[in-house]
Amino acid sequence: QVQLVESGGGLVQAGGSLRLSCAASGRSFSSYAMNWFRQAPGKEREFVAAINWSGGSTYYGDSVKGRFTMSRDNAKNTVDLQMNSLKLEDTAVYYCYAGKPSGGGYWGQGTQVTVSS
């Protein structure tokens, strides 16, 4: 059982950068694969990025590959998403998700990212 709280969202101009953080409570954080998803108004929830328990492996959705970087710090129970070269279509609510080793997981409440022209 973990609780996740995202932070770092806000308003940024196209071409700019933001860094999102997800803070986790719970004593088994380091056992979880961590993920970022996003959902824009009127659209399906979209996979953004994932990282394994050790931080040694990452992968990204095609729409953000080369622009976003995910990392984790198990000592601090946090995961980050560095977002560079932001585009208007990156505007969405971004959600942190902790995947249990046995399947399923836990969602954060989300943080709004708005990219302006």
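That block above? That's the structure.
Residues numbered from 1 in each chain as written. Predicted model: local features only at pLDDT ≥ 70, side-chain atom pairs only at ≥ 80, totals over all residues. Heavy atoms only, no water.

Caption draft 1: Main features of the nonpolar core. Among the nonpolar cores identified, the biggest contains 30 residues, and Met-34, Trp-36, Met-70, Leu-81, Met-83 and Tyr-94 are the most heavily contacted of them. In contact with Met-34, not counting residues within four places along its chain, are Leu-4, Cys-22, Phe-29, Ala-49, Ala-50, Ile-51, Met-70, Arg-72, Val-79, Cys-96, Tyr-97 and Ala-98. (Core = buried A, V, L, I, M, F, W, Y, C linked by side-chain atoms within 4.5 Å. Buried < 20%, exposed > 50% of the residue type's maximum accessible area, 1.4 Å probe, protein only. Contact = heavy atoms within 4.5 Å.)

Caption draft 2: Examining the pairing of strand β5 (residues 46-51) more closely. Both strand β4 (residues 33-39) and β5 contribute to a ladder of five bridges, which runs antiparallel. Across the sheet, residue Trp-36 finds its bridge partner in β5, namely Ala-49. Once β4 ends, the chain turns through six residues before running back antiparallel as β5, passing Gly-42 with a positive phi of about 75°. Here β5 runs beside strand β6 (residues 58-60); their pairing, made up of three bridges, is antiparallel. Paired with Ile-51 across the two strands is Thr-58, which belongs to β6. (Pairing = 2+ DSSP bridges. Helix = DSSP H or I, 4+ residues; strand = E, 2+ residues; numbered from the N terminus.)

Caption draft 3: Geometry of the state of the cysteines. Counted according to the given criterion, the structure contains one disulfide. Each disulfide pairs two cysteine sulfurs, and for Cys-22 the partner residue is Cys-96, the sulfurs being separated by 2.2 Å. Measuring the twist about the S-S bond at about -85°, one finds the Cys-22-Cys-96 disulfide to be left-handed. Of this pair, Cys-22 sits in strand β3 (residues 18-25) while Cys-96 sits in strand β9 (residues 92-99), placing them 74 residues apart in sequence. Accessibility assignment for this pair places Cys-22 and Cys-96 in one class, buried. (Disulfide = S-S within 2.5 Å.)

Caption draft 4: Highlighting the side chain of Asp-90. In this fold, Asp-90 is placed in the loop between β8 (78-83) and β9. Asp-90 gets classed as buried once you look at its relative accessible area, which sits at 0%. There is a polar contact of 2.8 Å between the side chain of Asp-90 and the side chain of Arg-38. Within the structure, the side chain of Asp-90 is placed 2.7 Å from the backbone nitrogen of Lys-87, a separation counted as a polar contact. Look past the residues within four positions of Asp-90 in its chain and what remains in contact with it is Arg-38, Arg-67, Phe-68, Ser-85, Val-113 and Val-115. (Polar contact = N/O pair within 3.5 Å; in protein donor to acceptor, adjacent residues only side chain to side chain.)

Caption draft 5: Highlighting unusual backbone geometry. One non-glycine residue, Asn-77, adopts positive backbone phi at about 55°. Looking at the secondary structure, you find Asn-77 in the loop between β7 (68-73) and β8. The residue Ser-85 is not glycine, and still its phi comes out positive at about 50°. Checked against the element boundaries, Ser-85 lands in the loop between β8 and β9.

Caption draft 6: How the structure looks around the pairing of strand β1 (residues 3-7). Only one face of β1 is covered, namely the face carrying Leu-4 and Glu-6; the face carrying Gln-3, Val-5 and Ser-7 is uncovered. With five bridges connecting them, β1 and β3 associate as antiparallel partners. Its bridge partner lying in β3, Gln-3 is registered against Ser-25.

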